[in-house]
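# Structure assessment
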Amino acid sequence: MIGESPQSNGRFELHFRERFESLLPTIRERWPDLAEHTLEATRGSMDEVVRLIEQNTGLTPQGVREQLEELMHSAGEGGRHLADSLDPLEQQLEQLLDELNTTLRPRIEQPVRQRPLLAVGVALGVGVLIGSLLSGGRRS
């Protein structure tokens, strides 16, 4: 953080505050001697977390900040790897939905076109049934 502008330092502080909840398990793992409630009491303030870790470990504030930056960077990389691994699953799901659309849609459309009043009546009946079940749960 040496040589960084106050503006980039402020962005890092904001980014840290936003990701604080997701970083808590990693921070606890790295510094297990820190009490959970004292960490949560910092409410994601970078300065407070640094001060707390510094008091409990004897590290310098600069050393603590560097380690926290490293934690944030590694957590960000892990998130990117997870997103990359989900891409093939997303493509597979899209293919399955396209197949369902091409096979199931004609099977549903044909009876609806042949008997539109029956289809509307069934949809209305199902809607009334679901509506009465939902509103009946609220009354009690």
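Look up a bit, the structure's there.
Throughout what follows, the structure given in this document is the object of discussion. (Residues numbered from 1 in each chain as written. Predicted model: local features only at pLDDT ≥ 70, side-chain atom pairs only at ≥ 80, totals over all residues. Heavy atoms only, no water.)

## As for the nonpolar core
Applied cut-off: The set of buried Ala, Val, Leu, Ile, Met, Phe, Trp, Tyr and Cys residues whose side-chain atoms join them within 4.5 Å is what this entry labels a nonpolar core. When accessible area is computed with a 1.4 Å probe and restricted to protein chains, residues below 20% of their type maximum are described as buried, those above 50% as exposed, and intermediate ones as partly exposed. Under the scheme used here, helices are H or I runs from DSSP no shorter than 4 residues and strands are E runs no shorter than 2 residues, and both carry numbers assigned from the N terminus. Contacts are assigned to residue pairs with any non-hydrogen atoms lying within 4.5 Å of each other.
Counting residues in hydrophobic clusters, the biggest one holds 17 residues, and the most contacted among them are Phe 16, Ile 27, Trp 31, Leu 39, Val 49, Ile 53 and Leu 68. Going through the elements one at a time, helix H1 (6–30), helix H3 (46–57) and helix H4 (61–114) are the ones with two or more residues in this core. When neighbours within four sequence positions are excluded, Leu 39 is seen to be in contact with Phe 20, Leu 24, Ile 27, Arg 28, Leu 34, Val 49 and Leu 52.

## So, the pattern of salt bridges
Pairing of side chains with opposite charge becomes possible as their charged atoms draw close. Counted only if it meets this: Salt bridge criterion: a side-chain nitrogen from Lys or Arg within 4 Å of a carboxyl oxygen from Asp or Glu.
In this structure the tally under the stated criterion is three salt bridges. Glu 48 is the salt-bridge partner of Arg 51, the closest N and O atoms lying 2.5 Å from each other. Taken together, the residues span about one helical turn, with Arg 51 and Glu 48 both in helix H3 at a distance of three residues. Look at Glu 48 and you get partly exposed, because its relative accessible area is 35%. Arg 113 is the salt-bridge partner of Glu 109, the closest N and O atoms lying 3.9 Å from each other. Here Glu 109 and its partner Arg 113 are both found in helix H4, four residues apart, which amounts to about one turn of the helix. Taking relative accessible area as the criterion, Glu 109 reaches 29% and is therefore assigned partly exposed. Accessibility expressed as a relative area gives 65% for Arg 113, which makes it exposed. One salt-bridge network, held together by shared partners, links Arg 105, Glu 109 and Arg 113.

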